[in-house]
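# A closer look at the structure
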Number of protein chains: 2
Amino acid sequence: MNIDMIHAAADRLKGHVRRTPLLSSPFLDDIAGRRVFVKPECLQHTGSFKFRGGWSAVSALDPEVRKSGVIAFSSGNHAQGVALAAQLHSVPAVIIMPSDAPAMKIDNTRALGAEVVLYDRATEDRDEIGDRISSDRGLTLIKPFDEPQVVAGQGTCGLEIAEQAAELGITEAEVLVCCGGGGLTSGIALALEAHAPAMTVRPVEPEGFDDVKRSLQAGSIQRNAALSGNICDAIVTPAPGHLTFPIMQRLCGAGLSVTEDEALRAMAHAFARLKLVAEPGGAVALAAALFRAKELTGDTVIATISGGNVDAPMYARALDFA
Amino acid sequence: MNIDMIHAAADRLKGHVRRTPLLSSPFLDDIAGRRVFVKPECLQHTGSFKFRGGWSAVSALDPEVRKSGVIAFSSGNHAQGVALAAQLHSVPAVIIMPSDAPAMKIDNTRALGAEVVLYDRATEDRDEIGDRISSDRGLTLIKPFDEPQVVAGQGTCGLEIAEQAAELGITEAEVLVCCGGGGLTSGIALALEAHAPAMTVRPVEPEGFDDVKRSLQAGSIQRNAALSGNICDAIVTPAPGHLTFPIMQRLCGAGLSVTEDEALRAMAHAFARLKLVAEPGGAVALAAALFRAKELTGDTVIATISGGNVDAPMYARALDFA
């Protein structure tokens, strides 16, 4: 896993993946007490950065292998990213999703042409279901983060951050990344190591589901006690990956964590100040930028908004803070 | 008023005004029955295209004249556009706003450093108030649409549409523009006449406030019967301008109009499919693209989202359609 793979992914993604802008608002700067830039991956195809990794992985497959199709496990954003990447490559996709995933994410995955197989998190073994389907049909598993071509795809977001910041004359910053298993975080960290070495990536998670923060503190992979019970569904994962953790350990600063209310308030600020729809898990980095100023250093922070796939009732909760 | 002024405005705007992306979603294509592209000026500084015209006009003033300051009449988006343009030029701005303008727009205008003077639409004469203040202080009036440098600034949005469409191989399209007094509409029409002559601009208005549509039909300027009573406050204006109407008459196709519910439904689709916050008046063009397919021609439509400055309670009404 190295920067050359990210460059190669960028070549494969060109013309297919959206170059999202780098946005700002003087109102956010005032709240944060420093300059805040936002990288809105909610504007990416399928509404999250996951399309980068999905396209990267599907496009890297041998065409003979690819034509049998792909399979993924996902509560939603990786599902949509892989589904669209497969659809655009004209190959089948099967997505194994928990039956309690947000309705919008299940509907969208189906609408993007994938076959969705739902399972009950409490009573069924998703791995068993997935193994059976993929061996029956010869499907290739696209893992959500612990897969080099997926990390390479997410890293292209970091290439854009480095370029866009340089255009603004910015070379030093803390780069806050919404962090689940660490695919986006480690990909951006590798890209910045090569192209903006004075920037430091800091993973941001929901309080109580801060496995990456604790793993970085402990120097070894720590797991979350629970896998549900937080509105930031997109970034609640069991533990950092075996591929992603060593990269984060080598390159990232300390992790940060924010409350559910802080995530909702950040969504309200994205609504009012940036005119962007963020989902709870996609808003944790902006929340840290705005509300955890004392835990940050330097005069510039760049926050990813990693996704915007949120149902209307949850969004209404955020609007109560607007 | 000609294309050279738009090119000159683009030079003055460079590095100050955001180049907004051109977005799309397969879900919107399905609803519309043709390819739909969206130009999201809600992502522009101050949350609407008005910053283009504001910057263009303020930057075109003689520095000696400019330093005394500027004044504008506006219910909100022009107010914010002029306020930020003045602030960034370090000159004072006075904005005359109706006391019933959306709270967010009044608050933001003040926060952008402008002196806001509120008046009661029913009992006070805004022109009398404005004349008194500007003659006392030597302020220059920046009109919202019937001013060549403002139209030139809005026209830069058309330059970007022509470039971005060409990059996608698109040269023919109907370009739907949210239309109040016609500043954005006529500016885009002039830009496309020069750079994408096979595209046709079509103004879109709220039903019952379709002065431009009726003016184009009649071949002469028609006025709206009322100036309030529609949620699309940003684009409810008395009549097309004396500068803008002849341009629209020469270059535009027939006008379209949509209902308030259609505007709210379009806002819900922008939320769900594009992760963009649109205000009601900023969503009428997308509404026409999605719900008035029979009134359109060709296989491609480009819809502006002209602004996203909407209060949370109004946005909650749109979410009911999501």
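The shown structure was predicted, so the numbers you read here are calculated from the model rather than taken from an experiment. (Residues numbered from 1 in each chain as written. Chains lettered and ligands numbered in written order. Predicted model: local features only at pLDDT ≥ 70, side-chain atom pairs only at ≥ 80, totals over all residues. Heavy atoms only, no water.)

## Some points on the overall build of chain A
Broken down by element type, chain A carries 14 helices and nine strands. Scaling as 2.2 N^0.38, a compact globule of 322 residues should have a C-alpha radius of gyration of about 20 Å, and chain A matches this with 18 Å. Seen along its three principal axes, the alpha-carbon backbone of chain A occupies a region of about 55 × 40 × 40 Å. Across the 322 residues that make up chain A, the buried fraction comes to 62%. Surface accessibility of chain A: about 11400 Å² in total, with carbon and sulfur atoms responsible for 49%. (Helix = DSSP H or I, 4+ residues; strand = E, 2+ residues; numbered from the N terminus. Rg over C-alpha atoms; globule rule 2.2 N^0.38 Å. Buried < 20%, exposed > 50% of the residue type's maximum accessible area, 1.4 Å probe, protein only. Areas by Shrake-Rupley, 256 points an atom, 1.4 Å probe, with all protein chains shown as cover.)

## Notes on the sheet that holds strand S5 (residues 140-141) of chain A
All names here are of chain A. Ordered in space as S4-S3-S2-S5, the four strands form an open sheet in which the pairing is parallel. The open sheet is flanked by strand S4 (115-119) and S5, the only strands paired with a single partner. With two bridges connecting them, strand S2 (residues 70-73) and S5 associate as parallel partners. What sits directly across from Val-70, in S5, is Thr-140. (Pairing = 2+ DSSP bridges.)

## Re the relation of the copies chain B and chain A
With an axial shift of 0.0 Å and an RMSD of 0.0 Å, the rotation relating chain B to chain A amounts to 180 degrees. Taken together, the turn and the small shift mark the pair as related by a two-fold rotation axis. The rotation axis passes nearest to the C-alpha of Leu276(B) in chain B, at a distance of 2.5 Å. Most of the interface of chain B is mirrored in chain A, where 100% of its interface residues are also at the interface. (Least-squares fit on C-alpha atoms with pLDDT ≥ 70 in both. Contact = heavy atoms within 4.5 Å.)

## What to know about the pairing of strand S6 (residues 173-178) of chain B
All names here are of chain B. Burial within S6 is extensive, with six of its six residues counted as buried. Across six bridges, S6 lies against strand S7 (residues 199-206) in parallel orientation. If you follow Val-177 over to S7, its bridge partner there is Pro-203. What joins S6 to S7 is helix H9 (residues 183-195), and the crossover it makes is right-handed. Sheet analysis places S6 next to strand S9 (residues 300-305), joined by three bridges and oriented parallel. (Right-handed = clockwise from strand over helix to strand, strands pointing away.)

## Concerning the environment of Val70(B)
Residue and element names in this part refer to chain B. If you trace the backbone, Val-70 turns up in strand S2 (residues 70-73). Remark: the alpha-carbon pair of Val-70 and Ala-86, spanning 16 residues in sequence, is separated by 7.3 Å. Contact partners of Val-70, with chain neighbours within four places excluded, come to Val-58, Leu-61, Val-82, Ala-86, Pro-92, Ala-93, Val-94, Leu-139, Thr-140 and Ile-142.

## Thoughts on the pattern of salt bridges
Going through the model one piece at a time under the given rule, you end up with 36 salt bridges over all chains. Glu167(A) serves as the salt-bridge partner of Arg19(A), at 3.9 Å between the closest nitrogen and oxygen. On the criterion of sequence distance, the pair formed by Arg19(A) in the loop between helix H1 (3-13) and helix H2 (26-32) and Glu167(A) in helix H8 (residues 148-167) is long-range, its members being 148 residues apart. Residue class for Arg19(A) comes out partly exposed when judged on its relative accessible area of 40%. Between Arg121(B) and Asp100(B) there is a salt bridge, and its shortest N-O distance comes to 2.8 Å. (Salt bridge = Lys/Arg side-chain N within 4 Å of Asp/Glu carboxyl O.)

## Overview of the packing of helix H3 (residues 50-60) of chain B against helix H8 (residues 148-167) of chain B
Residues and elements named next belong to chain B. Two numbers describe how H3 lies on H8: the axes approach to 7 Å, and their chain directions differ by 130 degrees. The angle between H3 and H8 places the two elements in the oblique class. The crossing of H3 and H8 is right-handed. In contact with Lys-50, Arg-52, Gly-53, Ser-56, Ala-57 and Ala-60 of H3, H8 contributes Gln-149, Val-150, Ala-152, Gly-153, Gln-154, Thr-156, Cys-157 and Glu-160. Partitioning the contact of H3 with H8 into residue classes produces five nonpolar, six polar and three charged. (Axes fitted to C-alpha atoms, helices over the stretch in contact; angles between N-to-C directions. Parallel < 35°, antiparallel > 145°, perpendicular 65-115°, else oblique. Left-handed = near helix turned anticlockwise from the far one by under 90°. Nonpolar A, V, L, I, M, F, W, Y, C, P; charged D, E, K, R; others polar.)

## A word on the interface of chain B and chain A
The partner chain A presents 28 residues to the 28 residues of chain B that form the contact. When the two sides are added together, the surface that chain B and chain A hide from each other amounts to roughly 2200 Å², 71% of it contributed by carbon and sulfur. The largest share of the area that chain B buries against chain A comes from Arg18(B), Phe271(B) and Lys275(B), three residues that together contribute 28% of it. Linking chain B with chain A are zero salt bridges. The interface formed by chain B and chain A holds 10 residue pairs in polar contact (both at pLDDT 80 or more) in total. (Buried area = accessible area lost by both parts, 1.4 Å probe. Polar contact = N/O pair within 3.5 Å; in protein donor to acceptor, adjacent residues only side chain to side chain.)

## Some thoughts on the UniProt feature "domain: Tryptophan synthase beta chain-like PALP" (unreviewed entry) in chain A
In this numbering, the UniProt entry assigns the feature "domain: Tryptophan synthase beta chain-like PALP" (unreviewed entry) to residues 15-307 of chain A. Secondary structure content for residues 15-307 of chain A is 43% helix and 16% strand, and the end C-alpha separation is 20 Å. (UniProt positions renumbered as here; feature names shortened; annotations may be inferred.)

## Observations concerning unusual backbone geometry
Residue and element names in this part refer to chain B. Despite not being glycine, Ser-90 shows a phi value in the positive range, around 55 degrees. With respect to the helices, strands and loops of the structure, Ser-90 is situated in the loop between helix H5 (77-88) and strand S3 (93-98). The exposed category is assigned to Ser-90, whose relative accessible area is 66%.

## A few points about the sheet that holds strand S8 (residues 256-258) of chain B
All names here are of chain B. The strand order S1-S9-S6-S7-S8 describes an open sheet built from five strands, whose pairing is parallel. Where the open sheet ends on each side, the last strands, each with one partner, are strand S1 (35-40) and S8. Strand-to-strand twist across the sheet, computed as the mean angle between neighbouring axes with direction ignored, equals 25 degrees. On top of the sheet, helix H10 (residues 211-218) reaches S7 and S8; it is set at about 125 degrees to S7, its chief contact. Those strands touched by helix H13 (residues 284-291) are S1, S6, S7, S8 and S9, and its axis lies near 155 degrees from that of S9.

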